[in-house]
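What follows is each chain in one-letter form.
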Amino acid sequence: MRLNILAFAAGILAVQMQPELPGWVPWAIAGGFLVLPRVRWSGWPVRGLALLGCLALGVAWGGWRAESRLADQLGADWEGRDIEVVGVVAGLPQDFSNGIRFEFDVNSRLTVGSVVPERIMLSWYHSRRDEAQLERRTVRSGERWRFTVRLKRPHGNANPGGFDYEAWLLERNIRASGYIRPNPPQRVDDLVWQPAYAFERMRHAIRDSFARLLPEADYPWGGVLVALVIGDQKAIQGDLWTTFNRTGTTHLMSISGLHVTMVAALFGWLVNVGWRRVPALALRLPAQKAGLLAAGLAAFAYALLAGFAVPAQRTLYMLLVAAAAMLSGRIVAPSRILCLALLVVLLFDPWAVLAAGFWLSFGAVGALLYIGSATVGEATGWPAKFRAWGVVQWAATLASLPVLLLVFQQFSLVSPLANALAIPVISFIVTPLALLGALVPWWPILALAHGVMDWLMAFLNWCAGWPVWLAPAPPLWAVLAAGLGAAICLLPRGLPGRWLGAMLFVPALFWPVAKPPEGEAWISVLDVGQGLASVIRTREHTLIYDPGPLYSAESDAGQRVVVPYLRGLGIGHVDKLMVTHRDADHAGGTASVQAALTVDEVVSSVVGIDGQPCTAGQRWVWDGVVFEVLHPLAGAYAAASKSNHLSCVLRVDAAGQRMLLTSDIEAPDEAALLRRYPDGLAADVLLMPHHGSKTSSTPPFLQAVGARQAVIPVGYRNRFGHPKAEVLARYEAMGVEIWRTDRDGAVRITLAAGGVGLAGWRHEHRRYWHGR
């Protein structure tokens, strides 16, 4: 059974790696034929065929679920058009700097002919970009509203080492996103009486209660308590995540599998103890089974309180399978329970295999079962219990290490120490107190929980000063070898050869950073939406040419895109950061980059940023690659009336190839460059000026550059309409091949002796849900 379930899981995983969705019917038929003989016959040949059949059934199941979900989509011709809908606020509304965002279940579509999915994500802005204030209305979970909206299909940034937002939306069945138009919205019902909406309203009330009793100005960890009770991670202040990441305790600061398990165990134990003291109850139902039922109900209630988020669902299914096995009265091997839980999780959520939490959860539980199978008897006495706790920490750390290196390219060296204290404090003290404070909204209870968090955060802040291991993302074979190494290291003491397990970790821990050859340059124009962020690498040096846009007061491209990209390459040190001008779509990620990475030098045209100004004539050579700033002149700083005119223009010469990076220069700046460098603008690749705006890319400038390739950093369906059709026509008339980040994802340019090479991330790593 266990091998068959693993084969089924492998089939589902294979589907999620495909660029196009396979037809599920042939796979289902083939799987059925291969599995059918196993019903009547046995033997290894039949078992082998059954394994292949389960693999095919996994492909069929994953394909059918995906095809059904993708069928609920926004009509392509309805993108960007006003649509009137009526529906219910389905999730917990989240405030951001300029409005509020929430999930919305569409009940009816009032615009004739409109094709709108069942669930969408909406943003309600409180002001326009022209600073005109809009009406500010309160939105609560479970309310029915009538809105006029503009929607677009799921689309996210596509970058190496980046978060796949489109996969995240697909797993949560959110099939379009958009914003509410200023046409007067109407609240139709105060509450739609359905269980799911009632729970969401209860979560909303708990969040409001915590905010009233623990105001953020006086209680900085109040957001952590909210996250522990209702799973609202947005309630945690952004800078706290840095501390949690550096200490390896991120999994504790929201409702994870650990918390659901602990709450279930606590309620199960309480019911078990109380049940035994009532003989009449114990005679009708054994106390152990009553405790198991109570644990299952508690896990289900806590998962609902968490908004039935995907991680909580996974844990709930695992616990219910384990409880069912124990209630059956049969002795079931723990490995069978784990495999059955895996099957249930994937039946409900075949996209779970895309989440790091899935692998971390099952890996950690599997490791604990693995070391538990070799344990005889129960630890007695404090020294033995302390040693057993240390073994558990050691097993969980080793099991998670390969996944952390593959997905996050880092792990905290102090994580075992931080978790050894944080896990019991959060699980047995802070979380129960926070849950009690939700049931009994009394300030002393929450103040006590916050006081314990205050003490714990002092310890975690100390731990955050310890170093973090950074390494490039290792190949899959190195990760699998590390997994095998973990299994060998966790063998019982006394068995020979355990040191070989440590050797199997070496490739994943010390995988070398890929570097350009001497004299060549690798340039990546990252997909950051409407803005610019790019990274230029030579053999031993790294330059960031703009750190990307500011998305909101809480996030920017430096934090979300640039830093993860560099960490994925194993780079934590930047030789030069060039911020081309002050516009937020170029300079918004500066602070995040400087906070997360070591930056030797900053060159900028922005007043107020520490560093030297970029001026024409600046020139340097790195590893045989020549860099030269062509614009602006030193005297332009006093005369420029518009920040675009101060954009730093950079020319990169490598191996006889050249790229010209132009930021947001406009027609007057192009004319000035033509006057100063009449024969010095020729390039093989051009970073299209000002995202393809009609204020740039004049014909004389394009003719002087003569590029055969042009890259446009542009956001999907951006409000400026970039790139303009007439500008694209100008490039196409000259035979220039166009690359654009909204279509191709991050664009990689290679300036090498063999020529110029360009590639788009979406093309090289396409998945079936992209663009759908």
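That block above? That's the structure.
Once a new chain begins, its residue numbering starts again from 1 and follows that chain's sequence as written. With pLDDT at 70 or above as the cut-off, local features in this predicted model cover only qualifying residues; side-chain atom pairs require 80 or more to be listed or tallied, and sums for whole chains, interfaces and linings still use all residues. Think of the side-chain values as coming from all heavy atoms in the structure, minus any hydrogens and water.

(A) Here's a closer look at the overall build of the protein. Helix and strand definitions here come from DSSP, where helices need a minimum of 4 consecutive H or I residues and strands a minimum of 2 consecutive E residues; each element is numbered from the N-terminal end. A tally of regular secondary structure across the protein gives 28 helices and 24 strands. With the radius of gyration taken over C-alpha atoms, the globule rule is written as 2.2 Å times the number of residues to the power 0.38. Computed over its C-alpha atoms, the radius of gyration of the protein comes to 29 Å, within 12% of the 28 Å expected for a compact globule of 772 residues. Projecting the C-alpha coordinates of the protein onto the three principal axes gives extents of approximately 95 × 70 × 60 Å. Summary of the burial criterion: residues with accessible area below 20% of their type's maximum are buried, those above 50% are exposed, and those between are partly exposed, where the area comes from a 1.4 Å probe applied to protein chains only. Looking at the protein as a whole, 49% of its 772 residues qualify as buried.

(B) Structural view of the sheet that holds strand β13 (residues 573-579). Between any two strands, at least two bridges found by DSSP are needed for them to pair. As summarised here, the arrangement of the 8 strands in space is β15-β14-β13-β12-β11-β10-β23-β24, forming an open sheet in which the pairing is mixed. Both outer strands of the open sheet, β15 (612-613) and β24 (755-760), are each paired with one neighbouring strand and no more. Two elements, β13 and strand β14 (residues 598-604), share 6 bridges in a ladder whose sense is parallel. Residue pairing across strands places Leu-577 opposite Val-602, the latter belonging to β14. Those strands touched by helix α20 (residues 557-568) are β10 (521-525), β11 (533-537), β12 (542-547) and β13, and its axis lies near 160 degrees from that of β12. Working rule for contacts: check all heavy atoms of both residues, and any pair within 4.5 Å makes them a contact. For helices, the fitted line uses only the C-alpha atoms of the stretch in contact; every axis is such a line through C-alpha atoms, and the angle between N-to-C directions lies from 0 to 180 degrees.

(C) Quick peek at the pairing of strand β6 (residues 177-180). Note: strand β4 (residues 119-125) against β6, 3 bridges, orientation parallel. Within the sheet, the bridge partner assigned to Leu-122 lies in β6 and is Gly-178. Bridge analysis of strand β5 (residues 144-152) against β6 gives 4 bridges, and the strand direction is antiparallel. In the sheet register, Lys-152 faces β6, and the bridge partner there is Ser-177.

(D) A look at the nonpolar core. Within the largest apolar cluster, 51 residues are counted, with the highest numbers of intra-cluster contacts made by Phe-244, Met-253 and Met-453. The dominant element in this core, judged by the number of residues it contributes, is helix α16 (residues 443-463), at 10 residues. Not counting residues within four places of it along the chain, the set of residues in contact with Met-253 comprises Val-224, Ala-227, Leu-228, Ile-236, Trp-241, Phe-244, His-259, Ile-426 and Leu-460. Core analysis: the next-biggest nonpolar cluster, separate from the first, contains 29 residues, Tyr-545, Trp-620, Trp-622 and Leu-661 among them. Side-chain atoms within 4.5 Å are what join buried Ala, Val, Leu, Ile, Met, Phe, Trp, Tyr and Cys residues into a set we call a nonpolar core.

(E) View of the side chain of Ser-123. Secondary-structure assignment places Ser-123 in strand β4. Judged by relative accessible area, Ser-123 falls into the buried class, the value being 7%. When near neighbours in sequence (up to four residues on either side) are disregarded, Ser-123 contacts Phe-96, Ile-100, Arg-101, Gly-178, Tyr-179 and Ile-180.

(F) Expanded view of the environment of Gly-568. Mapping Gly-568 onto the fold places it in helix α20. We classify Gly-568 as buried; its relative accessible area is 17%. The sequence separation of Gly-568 and Leu-354 amounts to 214 residues, and the corresponding C-alpha distance is 17 Å. If we ignore the near neighbours within four places in the chain, the residues touching Gly-568 are Gln-409, Pro-472 and Ala-473.

(G) Structural detail: the pairing of strand β22 (residues 737-740). In this structure, strand β21 (residues 709-712) lies alongside β22, joined through 4 bridges in parallel fashion. Directly across from Ala-710, in β22, lies its bridge partner Ile-738. When the strands point away from the viewer and the connection leading from the first strand across the helix to the second strand turns clockwise, the crossover is called right-handed. Each parallel crossover has a hand, and the one from β21 via helix α26 (residues 725-733) to β22 is right-handed.

(H) Region of the structure containing the sheet that holds β21. If you walk across this open sheet you meet the 7 strands as β16-β17-β18-β19-β20-β21-β22, and the pairing is mixed. Looking at which strands have only one partner, the edges of the open sheet turn out to be β16 (619-622) and β22. Direction aside, neighbouring strands of the sheet carry axes that sit 20 degrees apart on average. Of the strand pairs in this sheet, β16 and strand β17 (residues 625-631) are connected by 4 bridges, and their pairing is antiparallel. Along β17, the bridge assignment pairs Trp-622 with Val-625. Here helix α24 (residues 667-676) sits on the sheet and contacts β17 and β18 (649-654); the angle it forms with β17, its principal contact strand, is near 120 degrees. Along the sheet face, α26 touches β20 (685-687), β21 and β22 and points at about 140 degrees away from the line of β22.

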